[in-house]
Amino acid sequence: MQAFTTLDGLVCPLDRANVDTDAIIPKQFLKSIKRSGFGPNLFDEWRYRDHGEPGMDNSKRPLNPEFVLNFPRYAGAQVLLARENFGCGSSREHAPWALEDYGFRVVIAPSFADIFFNNCFKNGLLPIVLPAQTVDLLFAEAQAKEGYRLAINLADQTIKTPMGLVFGFDITAHRKHCLLNGLDEIGLTLNHADKIKAFEEKRRLEQPWLFA
Amino acid sequence: MPQSLYDKLWNSHVVHEEADGTALLYIDRHLVHEVTSPQAFEGLKLAGRKPWRISSVVATADHNTPTDHWDEGIKDPISRQQVETLDANIREFGALAYFPFKDKKQGIVHVVGPENGATLPGMTVVCGDSHTSTHGAFACLAHGIGTSEVEHVLATQTLVAKKSRSMLIKVEGVLGRGVTAKDIALAVIGRIGTAGGTGYALEFAGSAIRGLSMEGRMTLCNMAIEAGARAGMIAVDDITIDYLKDRTFSPQGDMWNKAVGYWRTLISDDGAAFDAVVELDAALIEPQVTWGTSPEMVTHVGGTVPDPAKIDDPVKRSGIERALSYMGLTANTPIAEIPVDKVFIGSCTNSRIEDLRAAAAIVRGRQKAASVKQVLIVPGSGLVKAQAEAEGLHQIFIAAGFEWREPGCSMCLAMNADRLEPGERCASTSNRNFEGRQGQGGRTHLVSPEMAAAAAIAGHFIDVRTLG
Ligand code: SF4
């Protein structure tokens, strides 16, 4: 997993509540066998004027100029600013994969759906919960100023605005450690490999039929 | 201290536990299908890791596979690639068993596991699919997991998990004629709601549950996830043990006797504590039909579509209004007056031999209503299909004007060619009636196989008990 330490990234404000995983990446794209390549179909139904199917040449499809991701000023954004209950709906991990593949590293919102929030950490994407008033303020600034960036420091757990305002955010020690060091959960679990082996051997003796 | 079945299953699998209760659970059986596994295998390869214990893996292709014209292969190139990728991954890494597309034992992963004895009491079972709860019918701790977790289990044979609270769902008494495990499941969800089981592991118990066959118990545990629970389970008894005797991967000889001795302990002890208890009287449960876009939007066949005007809670009222508008239903319409366009009998909820027998018993000597465009009968696996054909059930369906298909997930989620067109209404034995689940704009009513068969004959919902 890609480590996350600090980021100074352009902000894209997506001003909608309850953005669900089907909006983030529609069902027809779940047929892909890759973890990557979902970026061009992120928010597919909102981003393009036609109906998207896997295998289409997305560069030839008509863009919806009214969708915020298509505004030239937000090209290359790495921080997605969102409203409450972001990522609700199914458990598909394709949602964080699509955001990450597009180039986002951070999503800031007043609240997230549970499974989506968990899935982000497994994929090097940092979801940050901030109070609703703070999110309001960030929306106002990002919409007002072209080229609006936020500086995120994970070690310090801070977000700094161009005006020098600093906001703190929460994250569990375990998740912070994994993200800072780019450790995936598998790597951490394998630190217990001896314990797993010992458990398995005991089980093999006691319930041999499970190991046929 | 007396322990519940859940306590026993949990405690016997904890490899390591953190101070905050986060545990590493050892995984005995890993079921794999084509949709949620490719990225997990890819991740394993990219990290240069090997599967920890490949003999724990049983795999099959089910979600994308077509249910007719098998000789023509999989026409959708993207679906085909997903299935071929599973073939390639199993060729490279191996498995205890693999039932690929067109294999005579291929089928829906949750049907294939138990019928081959790959699901045994006392196991932890995982699969990248939420309906893995099905396997709890065998006193297993069975969880649906995400793709990163599929990779985690492949690489470490463990799952990072936290213990849930426990809920006992007790159903006492005798089910009436024409009332099935599916009706118990829908009645439970109607009672506790789709979030009622969130954060809980459910145990189903009581005389009505002990009276169910293994097929019925699987139907019930399958739907535990629709009540919001990650797991549902049922204690071991003679019915469990009889079912498992002489299955492909069931233990044999001395090993069988030893295993059975252990399996008999997989029950909740008298006086075991539960965090919540829900009780239902089996005799009061009637055939159920959902009317909305969530499994909790359910009533009995004699009921009516609810009237949002009579609901005080504004959130609930607008939820019902939205559902009725999507479903194209008018408030207060009797359920028995709702016509259906299509009927689907299949899915990991209701596609086992007993389900097909029950449907065939209703259909025998009758005809599909002319107004019904299509009736799909999709057996859960190749073995179910062969058994049904040996009993002549397929001829009953074909004679009635139904379509007898090859096994697979089919119209349960419409990832293959079987789907509803916008606005079409379906009586379905599957498990989810969400918007667009069976095809964009499609309208799903969840029912038992008997009720689905009866609707196909009548052209509208009808109390199966009046068909005689
Ligand atoms: S039958 Fe339906 S619910 Fe069951 S595994 Fe297939 S798609 Fe999922």
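An unreviewed UniProt entry annotates chain B as 3-isopropylmalate dehydratase large subunit of Parachitinimonas caeni. Per its UniProt entry, chain B bears the Function (unreviewed entry) comment "Catalyzes the isomerization between 2-isopropylmalate and 3-isopropylmalate, via the formation of 2-isopropylmaleate." Of chain B, the UniProt comment under Pathway (unreviewed entry) reads exactly: "Amino-acid biosynthesis; L-leucine biosynthesis; L-leucine from 3-methyl-2-oxobutanoate: step 2/4."

In the annotation of an unreviewed UniProt entry, chain A is listed under the name 3-isopropylmalate dehydratase small subunit and assigned to Parachitinimonas caeni. For the record of chain A, the UniProt heading Sequence similarities (unreviewed entry) holds the text "Belongs to the LeuD family. LeuD type 1 subfamily." The Subunit (unreviewed entry) comment attached to chain A in UniProt states, word for word, "Heterodimer of LeuC and LeuD."

### Some points on the interface of chain B and chain A
Taken together, the contact between chain B and chain A spans 51 residues of the former and 37 residues of the latter. Summed over both partners, the interface of chain B with chain A comes to about 3600 Å²; 59% of that surface belongs to carbon and sulfur atoms. Scanning the region where chain B abuts chain A turns up 6 salt bridges. Those elements giving two or more residues to the side of chain B that touches chain A turn out to be β1 (14–17), β2 (23–26), α2 (38–46), α3 (77–93), α5 (147–156), β8 (158–161) and α10 (253–263) of chain B. The biggest single contributor to the side of chain B that touches chain A is α5(B), with 7 residues. Here the side of chain B that touches chain A is composed, by residue class, of 22 nonpolar, 19 polar and 10 charged.

### Comments concerning α5(B)
Residues and elements named next belong to chain B. Here α5 lies mainly inside the structure; 10 of its 10 residues are buried. Of all the residues in α5, the buried ones are T147, S148, E149, V150, E151, H152, V153, L154, A155 and T156. Just beyond α5, the residue with positive phi is Q157, at close to 60°.

Calculation notes
- Residues numbered from 1 in each chain as written.
- Chains lettered and ligands numbered in written order.
- Predicted model: local features only at pLDDT ≥ 70, side-chain atom pairs only at ≥ 80, totals over all residues.
- Heavy atoms only, no water.
- UniProt positions renumbered as here; feature names shortened; annotations may be inferred.
- Contact = heavy atoms within 4.5 Å.
- Buried area = accessible area lost by both parts, 1.4 Å probe.
- Salt bridge = Lys/Arg side-chain N within 4 Å of Asp/Glu carboxyl O.
- Helix = DSSP H or I, 4+ residues; strand = E, 2+ residues; numbered from the N terminus.
- Nonpolar A, V, L, I, M, F, W, Y, C, P; charged D, E, K, R; others polar.
- Buried < 20%, exposed > 50% of the residue type's maximum accessible area, 1.4 Å probe, protein only.

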